[in-house]
Amino acid sequence: MDYSALIQNRKSVRAFADRPIPTSVQIELEAYYQNACPRLVPEIQTELCVFGDDTKQALEGAAGYNQFLVGAPHYLVLLSGKHPLAEINAGYIMEDLVLKLLDLDLGSCWLTFTDSEQVKKALGIASDLDVAAIVAFGYSLKAKKRLRINILSMSNVDISAKRHYFDPKRSVSDMVYLDTWGNSEKLDEYIGFFDDMLWEAFYAASLAPSYLNRQAYGFVIHEGSIILVSRPDSYNTEIDGALSLGIVLQHFTSVASAWAGKLSWHFGSEAAALPLPEGYAVVASCVL
Ligand SMILES: Cc1cc2nc3c(=O)[nH]c(=O)nc-3n(C[C@H](O)[C@H](O)[C@H](O)COP(=O)(O)O)c2cc1C
């Protein structure tokens, strides 16, 4: 897959044609998940479920902003074993599938949820694994106006037709720093050393979908390490915040590894240490 091109073309789709995908496409998607889709933390057990007709009705009230559930002919639900990194891993895997869907000419939209058991009950999922990520998907409707979210307040998210094509994103210079959080001095020089490649990977990260478009993260380049930092954000829920971190890692990694080879992320006490403002935290680090 040409990750860089797919990432630049991806956007959340909230209006779908009322027709199911062919069985051959579903088979290709499932084969991709089984055989090719990269995992961030391979030892975490995951399972992919694909749902079709009638799922919207069943999911109503269990998923979506403000109980606004994006109606689609299909839904992907990723189940995961319990693990401190379960959500980050799920965000990483599901975003790779979102890009695979786009590669198959399908549009998609992430869906929030709070209660794994409620979703499992609604969809009749009999598994010991937890619901870790949900995405609506299908053939995008070619509408002139796009449905775009408007965050009025945490409990008032309006989803309405707007002329805006994309939800605005923070620029690379607003989310990548050198040595200390907030320092952009000599950043261009550093990134320039890697030609356009490193910039392209950070650009891909800046385009990552995130819960309520919050982008509550950034990167610090420090002593040869790329360090993902989470920003404090009262809008984020724990699950959605962690999923969004997995998604941004997927965007960066899939583009960077095209030229830097396989990247290994370190988490927790194994991640590089960094002094940060209060409330900010190191999530993961890797050496290019
Ligand atoms: C974890 C997560 C949960 C989300 N939940 C919803 C949702 O329930 N409903 C919705 O319409 N969009 C949802 N989104 C999509 C975001 O609102 C969207 O990614 C963001 O506004 C940026 O827009 P873009 O994806 O078009 O770049 C979710 C995104 C993430 C990452």
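Just so you know, these numbers come straight off a predicted model, no measurement behind them. (Residues numbered from 1 in each chain as written. Predicted model: local features only at pLDDT ≥ 70, side-chain atom pairs only at ≥ 80, totals over all residues. Heavy atoms only, no water.)

Attention shifts here to the site of the ligand. Among the 23 residues in the neighbourhood of the ligand, the closest are listed as Ser12, Arg14, Tyr65, Asp167 and Lys169. Take Ser12: an N or O atom from its side chain is 2.5 Å from an oxygen atom of the ligand. Here an oxygen atom of the ligand sits 2.6 Å away from a polar atom, N or O, in the side chain of Asp167. The protein chains hide 99% of the 620 Å² of surface that the ligand would expose on its own. Contributing elements (two or more residues each) for the shell around the ligand: strand 3 (107–111) and helix 8 (238–260). Element by element, the count of residues in the shell around the ligand is highest for helix 8, at 4 residues. Of the residues contributing to the shell around the ligand, the split by class is 11 nonpolar, 6 polar and 6 charged. For the shell around the ligand, the domains that each give at least three residues are domain 1 (3–138) and domain 2 (172–287). (Near = heavy atom within 4 Å. Polar contact = N/O pair within 3.5 Å; in protein donor to acceptor, adjacent residues only side chain to side chain. Areas by Shrake-Rupley, 256 points an atom, 1.4 Å probe, with all protein chains shown as cover. Helix = DSSP H or I, 4+ residues; strand = E, 2+ residues; numbered from the N terminus. Nonpolar A, V, L, I, M, F, W, Y, C, P; charged D, E, K, R; others polar. Domains from an automatic or database assignment.)

For the rest of this paragraph, the subject is the domain arrangement of the protein chain. How big an interface is tends to be reported as the loss of accessible area on association of its parts. Domain parsing of the protein chain yields domain 1 (3–138) and domain 2 (172–287). The partner domain 2 presents 25 residues to the 22 residues of domain 1 that form the contact. Between domain 1 and domain 2 lies a buried interface of about 2,000 Å² when both sides are counted; carbon and sulfur atoms form 73% of it. When the area that domain 1 buries against domain 2 is broken down by residue, the three leading residues are Ile7, Ile88 and Tyr92, summing to 28%. At the junction of domain 1 and domain 2, the tally comes to 0 salt bridges. Between the two partners, domain 1 and domain 2, sit 6 residue pairs in polar contact (both at pLDDT 80 or more). Breaking the side of domain 1 that touches domain 2 down by element, the ones donating at least two residues are helix 1 (3–9), helix 4 (86–103) and strand 4 (130–138). Residue contributions to the side of domain 1 that touches domain 2 peak at 8 residues, all from helix 4. (Contact = heavy atoms within 4.5 Å. Buried area = accessible area lost by both parts, 1.4 Å probe. Salt bridge = Lys/Arg side-chain N within 4 Å of Asp/Glu carboxyl O.)

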